[in-house]
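Inside the fold
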Amino acid sequence: MELNKIENILEKYFQGETTIAEENELKEYFSSPDVAQHLEQYKPMFGYFSQVKEQKSTQEIPLQTKKRNVAWLSIAASFVVLLGIGTYFFVSEKNEPSVVAQSELGTYDNPEEALAATQKALALLSNNVNVGIGSVQYIKEYEQSKNKIFKQ
């Protein structure tokens, strides 16, 4: 009768449906020397629970915790924000071109200087276009060779 009761409680234990009193019954049963042969495999588990229950921690726990000084932290954060804002305004004022320089952009008083600047710009553009045309000629040559090898 008691063996059936222990097996039922053990089944409920593994389902997570036991009460504290039933778990105490299981601990008492598995701590006794007369455990059924087919239930011997669970004996170390319940023996471990009773063994761990008697262990005591010898580690000291500090009672005083270290407090951070929040005032210094907020002062430092404020300083960093102000430094960032100041740097932004300082750099943005230096990088702005003057109004006079913007209005005179690309104008020449002397027509000969304007002609020389224009010729220089067009020569630079022409050199870059010629490089591009040369590349296209290489591609055409490649296409012709490919078409000879792989007849489509």
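This text goes with the structure placed above it.
First, a word on what this report is: a plain description of the structure on this page. (Residues numbered from 1 in each chain as written. Predicted model: local features only at pLDDT ≥ 70, side-chain atom pairs only at ≥ 80, totals over all residues. Heavy atoms only, no water.)

A few words on the overall build of the chain. Along the chain, the regular secondary structure elements total six helices and zero strands. Across the 152 residues that make up the chain, the buried fraction comes to 9%. With the model as given, the accessible surface of the chain reaches about 14,200 Å², and the carbon-plus-sulfur share is 59%. (Helix = DSSP H or I, 4+ residues; strand = E, 2+ residues; numbered from the N terminus. Buried < 20%, exposed > 50% of the residue type's maximum accessible area, 1.4 Å probe, protein only. Areas by Shrake-Rupley, 256 points an atom, 1.4 Å probe, with all protein chains shown as cover.)

In this model, helix α2 (residues 20-31) (twelve residues) spans 16 Å end to end at C-alpha, consistent with the 16 Å of a helix rising 1.5 Å per residue. Three or more residues of α2 are buried, namely Glu 22, Leu 26, Tyr 29 and Phe 30. Along α2, the residues classed as buried sweep out an arc of 90° about the axis, all on the same side. Away from the buried face of α2 by more than 90 degrees, exposed residues Ile 20, Ala 21, Glu 28 and Ser 31 are located. (Expected span 1.5 Å × (residues − 1). Arc of directions from axis to C-beta.)

This part is about the nonpolar core. Within the largest apolar cluster, ten residues are counted, these being Ile 6, Ile 9, Leu 10, Leu 26, Tyr 29, Phe 30, Val 35, Ala 36, Leu 39 and Phe 46. Secondary-structure elements contributing two or more residues to this core are α1 (2-15) and α2. Those residues within four positions of Leu 10 in sequence are excluded, and the remaining contacts are Leu 26, Phe 30, Leu 39, Tyr 42 and Phe 46. (Core = buried A, V, L, I, M, F, W, Y, C linked by side-chain atoms within 4.5 Å. Contact = heavy atoms within 4.5 Å.)

Right, let's get into the packing of aromatic side chains. Tallying each qualifying case throughout the model produces four aromatic pairs. Measuring from ring centre to ring centre gives 5.3 Å for Phe 14 and Tyr 42, while their planes differ by 50°; the resulting arrangement is tilted. In this pair, Phe 14 is assigned in helix α1 and Tyr 42 in the loop between α2 and α3 (43-53), connecting sequence segments 28 residues apart. Given the relative accessible area of 43%, Phe 14 is considered partly exposed. (Phe/Tyr/Trp six-rings, centres within 6.5 Å; stacked < 30°, edge-to-face > 60°.)

What follows covers the packing of α1 against α2. For any two helices packed against each other, one specifies the inter-axial angle together with the distance between the axes. Between α1 and α2, the least distance of the axes is 10 Å, while the angle of their chain directions is 120°. With respect to α2, the element α1 is oriented oblique. The interaxial crossing formed by α1 with α2 has left-handed handedness. Contacts between α1 and α2 involve Glu 2, Leu 3, Lys 5, Ile 6, Ile 9, Leu 10, Lys 12 and Tyr 13 from the former and Glu 22, Glu 23, Glu 25, Leu 26, Tyr 29 and Phe 30 from the latter. (Axes fitted to C-alpha atoms, helices over the stretch in contact; angles between N-to-C directions. Parallel < 35°, antiparallel > 145°, perpendicular 65-115°, else oblique. Left-handed = near helix turned anticlockwise from the far one by under 90°.)

A few words on the pattern of salt bridges. All told, the structure shown has three salt bridges when counted by the stated rule. The salt bridge partner of Lys 5 is Glu 25, with a shortest N-O separation of 3.4 Å. Here Glu 25 lies in helix α2 and Lys 5 lies in helix α1, a separation of 20 residues in the sequence. Here Glu 25 falls in the partly exposed class, since its relative accessible area comes to 30%. Between Glu 22 and Lys 12 there is a salt bridge, with the nearest N and O atoms lying 2.9 Å from each other. (Salt bridge = Lys/Arg side-chain N within 4 Å of Asp/Glu carboxyl O.)

Turning next to the side chain of Glu 22. Topologically, Glu 22 is positioned in helix α2. Beyond its immediate sequence surroundings of up to four residues, Glu 22 is in contact with Ile 9, Lys 12 and Glu 17.

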